[in-house]
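Remarks on the overall topology
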Amino acid sequence: MPHPSAIIALEQAAMRAWPALERIDEAGWVVRFAGGYTRRANSAAALAADAEDLEAQIVWVEDAYASRELPAIFRVVSGCGPAGLDDALAAAGYEREGEALVMTLDLPHSAPSPHALREIPIDEWLVLYERLNERGPEGRDLHRRLLESVRGERLLAALDDRVEIVGCGLGVREGEFAGLFDLAVAPALRGRGHGRQLVEELLRWAASGDARTAYLQVLVQNEVAIRLYERAGFREAYRYWYRARPRPAP
């Protein structure tokens with residue numbers, strides 16, 4: 001597992017690549033708010049907090065979310081953060097969910113430019129992303145605001161097989177890191193190699209700049225995607241999961 005400082009650097013890069021609309025940095029905590037759109041942008045991570053009085057720290061985070069009429073969600077990162085936090089959250093009634101791998105890959109110092117990716121406008125990309133994931137437009141406005149807040153170099157890409165658009169993805173380059181997000185392939189065309197091509201093309205784009213490490217995040221139960229990323233050269237660096245209280249039944 002990487003050194004805690006390396007994990008924190010990558011976590012911070014990923015937070016900038018998938019930004020929240022509001023963020024509090026205090027006492028080693030990063031607390032993020034985005035109107036409830038995605039857990040990544042609406043969770044609190046104790047990346048460098050100390051282990052003293054964790055109960056009070058948890059209450060402070062809860063109050064921050066309650067004041068914005070949002071549920072408190074905690075992101076627990078393996079390899080960094082205060083010892084005992086996960087146990088303290090469990091004791092406070094927070095259930096573990098959404099465990100994911102953070103996978104990394106060392107990029108070459110140069111690479112050919114991607115030839116099958118096409119950058120498209122944000123509104124066109126959002127509609128494409130929703131179509132490929134078979135979801136409606138709910139949350140589109142918040143999704144757009146998050147993408148517009150990205151600080152690094154952003155690529156909203158469509159993968160074209162010369163006949164039709166078969167996939168899409170988001171790439172963000174900033175400093176030494178390049179993140180891959182929101183990868184999707186048309187449901188009817190999955191299993192034909194388009195996913196691997198999408199990853200390879202995005203990695204070519206990542207390596208064509210100054211970035212030296214590519215990263216992505218994938219749920220542990222998504223075994224098909226994990227195998228795909230491993231074939232592309234990605235390896236597990238560390239894991240994270242969320243802690244949230246069960247929602248009351250309607």
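Residues numbered from 1 in each chain as written. Predicted model: local features only at pLDDT ≥ 70, side-chain atom pairs only at ≥ 80, totals over all residues. Heavy atoms only, no water.

**Section: the pairing of strand E8 (residues 165-174)**
Threshold: The buried label goes to any residue with under 20% of its type's maximum accessible area, the exposed label to any with over 50%, and the partly exposed label to all in between, with areas taken from a 1.4 Å probe on protein chains only. Where helices and strands are cited, they refer to DSSP runs of H or I of at least four residues and of E of at least two residues respectively, numbered from the N terminus. Being paired, for any two strands, means DSSP has found at least two bridges between them.
Counting buried residues in E8 gives 8 out of 10 residues, a clear majority hidden from the surface. Relative to E8, strand E7 (residues 153-160) is paired through 8 bridges, and the arrangement is antiparallel. Note on E8: the bridge partner recorded for alanine 157 is glycine 169. Where E7 folds back onto E8 in an antiparallel hairpin, the turn is made up of 4 residues, including arginine 162, whose phi is positive at roughly 80°. Direction of pairing for E8 relative to strand E9 (residues 177-185): antiparallel, over a ladder of 7 bridges. Bridged to leucine 170 within E9 is phenylalanine 181. Counting the residues between successive antiparallel strands, the hairpin from E8 to E9 contains 2 residues, one of them, glycine 175, with a positive phi of roughly 60°.

**A closer look at the packing of helix H6 (residues 194-207) against helix H7 (residues 223-231)**
Think of two packed helices as two axes; the pair is described by the angle between the axes and how far apart they sit. Heads up, the condition is: Note on geometry: axes are lines fitted to C-alpha atoms, helical ones only across the stretch in contact, with angles between N-to-C directions running from 0 to 180 degrees. Reported orientations rely on four angle classes, namely roughly parallel under 35 degrees, roughly antiparallel over 145, roughly perpendicular from 65 to 115, and oblique for the rest. Crossings are assigned a handedness: left-handed for a near helix turned anticlockwise from the far helix by less than a right angle, right-handed for a clockwise turn. Should any heavy atoms of two residues lie within 4.5 Å, those residues are considered in contact. Lys, Arg, Asp and Glu make up the charged group, whereas Ala, Val, Leu, Ile, Met, Phe, Trp, Tyr, Cys and Pro make up the nonpolar group; the residues left over, Gly among them, are polar.
Two elements in contact, H6 and H7, have axes separated by 10 Å at closest approach and are oriented at 50°. In terms of orientation, H6 lies oblique with respect to H7. As H6 runs across H7, the sense of the crossing is right-handed. Contacts from Gly195, Arg196 and Val199 in H6 reach Leu228, Tyr229 and Arg231 in H7. Residue classes in the contact of H6 with H7 are distributed as 3 nonpolar, 1 polar and 2 charged.

**Notes on the environment of methionine 103**
Assignment of secondary structure puts methionine 103 in strand E5 (residues 95-106). Taking the relative accessible area as the measure of exposure, methionine 103 reaches 1% and is therefore buried. Taking the C-alpha atoms as reference, methionine 103 lies 7.3 Å from tyrosine 238; in sequence the two are 135 residues apart. Not counting residues within four places of it along the chain, the set of residues in contact with methionine 103 comprises Ala214, Tyr215, Leu216, Val218, Ile226, Tyr229, Glu230, Phe234, Arg235, Glu236 and Ala237.

**A word on the environment of arginine 190**
The condition is simple: For this analysis, a polar contact is any N or O atom pair within 3.5 Å, provided that within protein one partner can donate a hydrogen and the other can accept it, and provided that sequence-adjacent residues contribute only side-chain to side-chain pairs.
Mapping arginine 190 onto the fold places it in the loop between E9 and H6. Taking relative accessible area as the criterion, arginine 190 reaches 46% and is therefore assigned partly exposed. Between the C-alpha atom of arginine 190 and that of glycine 152, which follows or precedes it by 38 residues, the distance is 30 Å. Excluding its chain neighbours within four sequence positions, the residues that come into contact with arginine 190 are Leu132 and Val185. A distance of 3.2 Å separates the side chain of arginine 190 from the backbone oxygen of leucine 132, its partner in a polar contact. Only 2.8 Å separates the side chain of arginine 190 from the backbone oxygen of valine 185, close enough to count as a polar contact.

**Some points on the nonpolar core**
If you look at soluble globular proteins, the nonpolar side chains tend to sit buried side by side. The criterion, for reference: Only buried Ala, Val, Leu, Ile, Met, Phe, Trp, Tyr and Cys residues count toward a nonpolar core, and they belong to the same one when joined by side-chain atoms within 4.5 Å.
Residues Leu107, Trp125, Tyr229 and Phe234 are the most contacted members of the largest nonpolar core, which totals 73 residues. Sorting elements by how many residues they give to this core places H6 first, with 7 residues. Aside from chain neighbours lying at most four places away, what touches phenylalanine 234 is Met103, Thr104, Leu105, Leu180, Val199, Leu203, Ala214, Tyr215, Leu216 and Tyr229. Counting 20 residues, the second largest nonpolar core, distinct from the first, contains Phe33, Leu54, Val61 and Leu70.

**Here's the deal with the sheet that holds strand E6 (residues 117-119)**
Ordered by their spatial adjacency, 11 strands build an open sheet running E1-E2-E3-E4-E11-E5-E10-E9-E8-E7-E6, and the pairing between neighbours is mixed. With partners counted over all chains shown, the strands left at the sheet margins are strand E1 (22-26) and E6, one partner each. As defined by bridge partners, strand E2 (residues 29-33) adjoins strand E3 (residues 44-45) across 2 bridges and the pair is classed as antiparallel. Following the sheet pairing, valine 31 is matched in E3 by alanine 44. Contacts from H7 reach E5, E9, strand E10 (213-219) and strand E11 (235-244), with the element oriented near 165° to E10.

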